[in-house]
Amino acid sequence: MYHYGKTSQARLNTCHPEIQRLFNELIKDWDISIICGHRTEDEQEAAVKSGNSKTHFPNSKHNSLPSLGVDAALYPIDWRDEGRHYMFVGMVKQKAKDLGINIRCGADWDGDNDTDDQTFNDLVHFELVL
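Residues numbered from 1 in each chain as written. Predicted model: local features only at pLDDT ≥ 70, side-chain atom pairs only at ≥ 80, totals over all residues. Heavy atoms only, no water.

(A) Focus on the pairing of strand β2 (residues 69–74). Most of β2 sits out of view: six of its six residues are buried. Neither face of β2 is exposed, since G69, D71 and A73 on one face and V70, A72 and L74 on the opposite face are all buried. Across four bridges, the pairing between strand β1 (residues 32–36) and β2 is antiparallel. Residue pairing in the sheet places C36 in a bridge with D71 of β2. Pairing of β2 with strand β4 (residues 122–128), which is carried by three bridges, proceeds in the antiparallel orientation. Looking at β4, one finds that D71 is bridged to H125. (Buried < 20%, exposed > 50% of the residue type's maximum accessible area, 1.4 Å probe, protein only. Helix = DSSP H or I, 4+ residues; strand = E, 2+ residues; numbered from the N terminus. Pairing = 2+ DSSP bridges.)

Next up, the structure:
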């Protein structure tokens, strides 16, 4: 059984209780890093500027408090291993289904709103669908 480090736990604590419930179940079986939970306006605009987000404040799921979005990946993170990220997406989606939590991820963008960008593959992003 794994556990979150202080930084990952602090980031997860900024997220909606259902996201916390999901990722607290996942950590039991896999070593996970929480990359980002809630983002302030400055943090969101910095993410856009760096190319890590396409969505300006306050329109990202990360901008609500508690955050409706979380960025997470298997630890240690290998940004070049896309297959590993896709595998984690499958693990998260299956656990969410098992728990009855409605989520989607950055691999699911379908153009259903202005913040979706089908050319932007954000495999580490997961968000609660309310």
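(B) Quick look at the sheet that holds β1. With antiparallel pairing, four strands are arranged side by side in an open sheet as β1-β2-β4-β3. Every other strand in the sheet has two partners, leaving β1 and β3 (103–106) as the edge strands with one partner each. Pairwise comparison of adjacent strand axes, ignoring direction, gives a mean angle of 35° for this sheet. Sitting on the sheet, helix α2 (residues 17–26) is in contact with β1, β2, β3 and β4, with an inclination near 10° to β2. Against the sheet, helix α4 (residues 82–99) engages β1, β2, β3 and β4, with an angle of about 15° to β4. (Axes fitted to C-alpha atoms, helices over the stretch in contact; angles between N-to-C directions. Contact = heavy atoms within 4.5 Å.)

(C) Inspection of the environment of I101 at higher detail. With respect to the helices, strands and loops of the structure, I101 is situated in the loop between α4 and β3. Judged by its relative accessible area of 6%, I101 is buried. The sequence separation of I101 and E82 amounts to 19 residues, and the corresponding C-alpha distance is 25 Å. Beyond its immediate chain neighbours, meaning those up to four positions away, I101 contacts E18, R21, L22, A96 and L128.

(D) Inspection of α2 at higher detail. Every buried residue of α2 is accounted for by I19, L22, F23 and L26. Seen along its axis, α2 keeps its buried residues to an arc of 90°; they face one direction. (Arc of directions from axis to C-beta.)

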